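If you want the building blocks of each chain, they are given just below.
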Amino acid sequence: MSDSAGLSGFSGVPVVSGPPVLHVKGRVLVGAEDVRDELWVIDGRITYERPRGARETTVIEGWTLPGLVDAHCHVGLDEHGPVDASTSEKRAVTDRDAGALLLRDAGSPSDTRWIDDRDDLPRVIRAGRHIARTRRYIRNYAHEIEPEDLVAYVAREARNGDGWVKLVGDWIDRETGDLSACWPRGEVEAAIAEAHRLGARVTAHCFAEETLAPLVEAGIDCVEHATGLTEETIPLFAERGVAIVPTLVNIALFPKLAAGGERKFPRWAAHMRRLHERRYDTVRAAYDAGVPVYVGTDAGGALAHGLVGQEVAELVKAGIPASAALHATAWGARQWLGRPGLEEGAPADLVVYGTDPRADVRVLGSPDRVVLRGRVIR
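Thresholds, definitions, all that
- Residues numbered from 1 in each chain as written.
- Predicted model: local features only at pLDDT ≥ 70, side-chain atom pairs only at ≥ 80, totals over all residues.
- Heavy atoms only, no water.
- Helix = DSSP H or I, 4+ residues; strand = E, 2+ residues; numbered from the N terminus.
- Rg over C-alpha atoms; globule rule 2.2 N^0.38 Å.
- Buried < 20%, exposed > 50% of the residue type's maximum accessible area, 1.4 Å probe, protein only.
- Contact = heavy atoms within 4.5 Å.
- Lys, Arg positive; Asp, Glu negative; His and termini not counted.
- Charge placed at Lys NZ, Arg CZ, Asp CG, Glu CD.
- Core = buried A, V, L, I, M, F, W, Y, C linked by side-chain atoms within 4.5 Å.
- Patch = residues over 30% accessible without salt bridge, like charges linked within 9 Å, V, L, I, M, F, W, Y side chains within 5 Å.
- Areas by Shrake-Rupley, 256 points an atom, 1.4 Å probe, with all protein chains shown as cover.
- Salt bridge = Lys/Arg side-chain N within 4 Å of Asp/Glu carboxyl O.
- Pairing = 2+ DSSP bridges.
- Axes fitted to C-alpha atoms, helices over the stretch in contact; angles between N-to-C directions.
- Parallel < 35°, antiparallel > 145°, perpendicular 65-115°, else oblique.
- Nonpolar A, V, L, I, M, F, W, Y, C, P; charged D, E, K, R; others polar.
- 1 Å grid on protein atoms, 1.4 Å probe; cavity = no way out; pocket = protein on both sides within 12 Å on 5 of 7 lines; lining within 4 Å.
- Points joined across faces, edges and corners; volume = space filled by probe spheres on them.
- pLDDT = per-residue confidence, 0-100.
- Left-handed = near helix turned anticlockwise from the far one by under 90°.
- Phe/Tyr/Trp six-rings, centres within 6.5 Å; stacked < 30°, edge-to-face > 60°.
- Lys NZ or Arg CZ within 6 Å of the ring centre and 35° of its normal.

Visitor: Teacher, can you tell me more about the overall build of the protein here?
Guide: Each helix and strand in the protein was counted, giving twelve helices and 20 strands. Its C-alpha radius of gyration of 21 Å places the protein within 12% of the 21 Å reference for a compact globule of 378 residues. Across the 378 residues that make up the protein, the buried fraction comes to 55%. Here the contacts in the protein between residues at least 6 apart in sequence split such that 66% fall between residues at least 24 apart. Here the protein contributes 46 positively and 56 negatively charged side chains, and the mean placements of these two sets differ by 3 Å.

Visitor: What's the story with the nonpolar core in this structure? I'm lost.
Guide: Soluble, globular proteins show a tendency: their nonpolar side chains are buried together. Counting 86 residues, the largest nonpolar core has Leu65, Leu150, Leu167, Ile220, Phe237 and Leu315 as its most contacted members. Setting aside residues up to four positions removed in sequence, leucine 167 forms contacts with Ile131, Leu150, Val154, Trp183, Val188, Val202, Thr203, Ala204 and His205.

Visitor: Would you explain a positive patch on the surface in this entry?
Guide: A surface patch of like charges, here positive, comprises Arg135, Arg139, Arg174 and Lys264. Mapped onto the elements of the fold, lysine 264 is located in the loop between α7 (254-261) and α8 (266-277).

Visitor: Even after reading the chapter, I still don't get the sheet that holds strand β8 (residues 100-105), so can you show me in this structure?
Guide: Hydrogen bonds between backbone atoms are what pair the strands of a sheet, whose relative direction is either parallel or antiparallel. Reading across the sheet, the three strands line up as β5-β8-β9 and stay open at both edges, with parallel pairing between neighbours. Both edges of this open sheet fall to β5 (68-73) and β9 (123-126), since each of them pairs with a single strand only. Across the sheet, the axes of successive neighbouring strands diverge by a mean angle of 20 degrees, strand direction being ignored. In this sheet, β9 lies alongside β8 in parallel orientation, the contact comprising four bridges. Paired with aspartate 105 across the strands is arginine 126, a residue of β9.

Visitor: Explanation requested: the sheet that holds strand β18 (residues 350-353) in the structure shown.
Guide: With mixed pairing, seven strands are arranged side by side in an open sheet as β3-β2-β1-β4-β18-β19-β20. Two strands in the sheet have a free side with no partner beyond their single neighbour: β3 (45-47) and β20 (375-376). Direction of pairing for strand β1 (residues 21-29) relative to strand β2 (residues 35-42): antiparallel, over a ladder of seven bridges. Bridging from a neighbouring strand, valine 24 pairs with leucine 39 of β2.

Visitor: Would you explain unusual backbone geometry in this entry?
Guide: Generally, phi is negative for residues other than glycine and the peptide bonds are trans, each holding for most cases. One non-glycine residue, alanine 226, lies in positive phi territory at about 55 degrees. The topology assignment puts alanine 226 in the loop between β16 (222-225) and α5 (234-240). Unlike most non-glycine residues, aspartate 298 shows phi in positive territory, near 65 degrees. Among the structural elements, aspartate 298 can be located in the loop between α9 (279-288) and α10 (308-317).

Visitor: What is the right way to look at the packing of α7 against α8 in this model?
Guide: Packed helices, taken two at a time, are described by the angle between their axes plus the distance between the axes. One way to put it is that α7 packs onto α8 with a least axis distance of 8 Å and a crossing angle of 170 degrees. Taken together, the axes of α7 and α8 lie roughly antiparallel to each other. Mapping the contact onto sequence places Phe254, Pro255, Leu257, Ala258, Ala259 and Gly261 in α7 and Pro266, Trp268, Ala269, Met272, Arg273, Leu275 and His276 in α8. Residues that form the contact of α7 with α8 fall into these classes: ten nonpolar, two polar and one charged.

Visitor: Which parts of the structure should I look at to understand the layout of surface pockets?
Guide: Unoccupied space between atoms shows up once a probe the size of one water molecule is rolled over them. By volume, the largest pocket is sized at about 930 Å³. Taken together, 32 residues form the lining of the largest pocket, with Tyr137, Ile138, Trp171, Leu257 and Trp268 sitting closest to its centre. At the level of secondary structure, the elements contributing two or more residues to the lining of the largest pocket comprise β13 (170-173), α7 and α8. Ranked by the residues each element gives to the lining of the largest pocket, the list is headed by α7, at four residues. Looking at side-chain class alone, the lining of the largest pocket contains 16 nonpolar, seven polar and nine charged residues.

Visitor: Teacher, can you tell me more about empty space enclosed by the protein here?
Guide: Following the criterion strictly, the structure yields one cavity of 30 Å³ or more and no others. What lines the largest cavity is His225, Ala226, Thr227, Pro246, Leu248, Ile251, Arg279, Thr282 and Val283. Those elements that place two or more of their residues in the lining of the largest cavity are α6 (248-251) and α9. For the lining of the largest cavity, the element with the highest residue contribution is α9, accounting for three residues. Among the residues forming the lining of the largest cavity, the class breakdown is five nonpolar, three polar and one charged.

Visitor: Whenever I open this one, the confidence of the model for the protein confuses me. Can you help?
Guide: Low pLDDT marks regions whose predicted coordinates should not be analysed in detail. Per-residue confidence for the protein gives a mean pLDDT of 94, with 95% of residues at or over 70. Note that pLDDT drops below 50 for residues 1-11; the model gives that stretch 18 contacts with residues more than four away or on any other chain.

Visitor: Just to check I follow, could you spell out the packing of helix α2 (residues 150-160) against helix α3 (residues 185-197) for this structure?
Guide: Packing of α2 against α3 leaves a shortest axis separation of 9 Å and a crossing angle of 25 degrees. Overall, the two elements α2 and α3 adopt an arrangement that is roughly parallel. In this structure, the crossing between α2 and α3 has a hand that is right-handed. Taking contact as the criterion, the partners of Leu150, Val151, Val154, Ala155 and Arg159 in α2 are, on α3, Glu187, Val188, Ala190, Ala191, Glu194, Ala195 and Arg197. Classifying every residue of the contact of α2 with α3 gives eight nonpolar, no polar and four charged.

Visitor: Looking at this model, I keep getting lost on the side chain of threonine 112. Mind explaining?
Guide: Turning to its location among the elements, threonine 112 is positioned in the loop between β8 and β9. With residues near it in sequence (within four places) discarded, threonine 112 still touches Gly76, Ser88 and Arg126.

Visitor: How do you make sense of the packing of aromatic side chains when you look at a structure like this?
Guide: Aromatic ring pairs are defined here through the distance separating the ring centres and the angle between the ring planes. Under the criterion given, the structure shown has five aromatic pairs. On the basis of an interplanar angle of 75 degrees and a centroid distance of 6.0 Å, the ring pair of tyrosine 137 and tyrosine 141 is categorised as edge-to-face. With respect to class, tyrosine 137 is no different from tyrosine 141; both count as buried. Measuring from ring centre to ring centre gives 4.8 Å for tyrosine 137 and tryptophan 171, while their planes differ by 75 degrees; the resulting arrangement is edge-to-face. Taken together, the residues tyrosine 137 in the loop between β10 (131-133) and β11 (143-145) and tryptophan 171 in strand β13 connect sequence positions 34 residues apart. Three or more aromatic residues link up through ring pairs in this structure, and these residues are Tyr137, Tyr141 and Trp171. The lysine or arginine in question, arginine 36, covers the ring of tyrosine 48, its NZ or CZ lying 4.3 Å from the ring centre. In this structure, arginine 279 is placed above the aromatic ring of tyrosine 280, and the distance from its NZ or CZ to the ring centre is 4.3 Å.

Pasting the structure below:
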């Protein structure tokens, strides 16, 4: 369907003789500085031109944002591995009702493409299945392979995904008893180059410090968690434009994880506690240096879905301005993922609040109205 579907008329003014029109009024936050008074939804798409001959059946008022983005979640897995369609559906509904209408599923062993056929569920951008080193990740999550097979598996998941591939960059090494990088430099360079050749971007799960510089120098596009950023590596990220998705609501679990593994891996436990203690300073320093920061929750494993508003609040707690934290889940995140916001002719995926989210981001997780594909869902 073209952006002008359902619209016709003279002088750019849409004339509607068929379907009803949704009228959204109040404060429409098209961008951080672009605020308008109203928009209309015709045949599921946005217009800022008042239509003639329309039969309005629904009027919504409030503060409107594009559907929020959770750029790191897992609709198709739980702490044990793949989940069935019913479980994935419940998770997608939970995210939708919390205002997250665009999800980047950052690694899943389940096929969730059936979600694309549902007009009442969020849009999903998939990174295929995790690619991990043998016995170096959570059981039943990933393709577990050795370095000589990395390029082939990256090519496979580049074809299976929606423009993203997910590597496990580091994990606990049972021999050293601490976090360590999973992939040799040469193999990861070749794998990232192959993904780029196939038109996909590459991201990686990374906790440790030592993992980051080699991945960035190899051409990686994004790093998940990025707890190991330091004053030495932050400038490298900023220079290369490598984004981070901090998942602070997930990093909050590090003390619990450390306590559970301390007896067997005391070095790892102490390391995880240090990463947790400086998490806010790490994210704020990255933002201050110009590193692109986006919102993701890591929901689906140990965490429930529907936490996008809490993650935005965590970014603000870390010292990121509220406007920038909103950018990280709304306008900027959608642009980064190649999806439209509230532009003329864009699909009408939007959320409406009773109070201004710029004044208090804690309202984000409880929208008054959710509009998906032009339908008022709630």
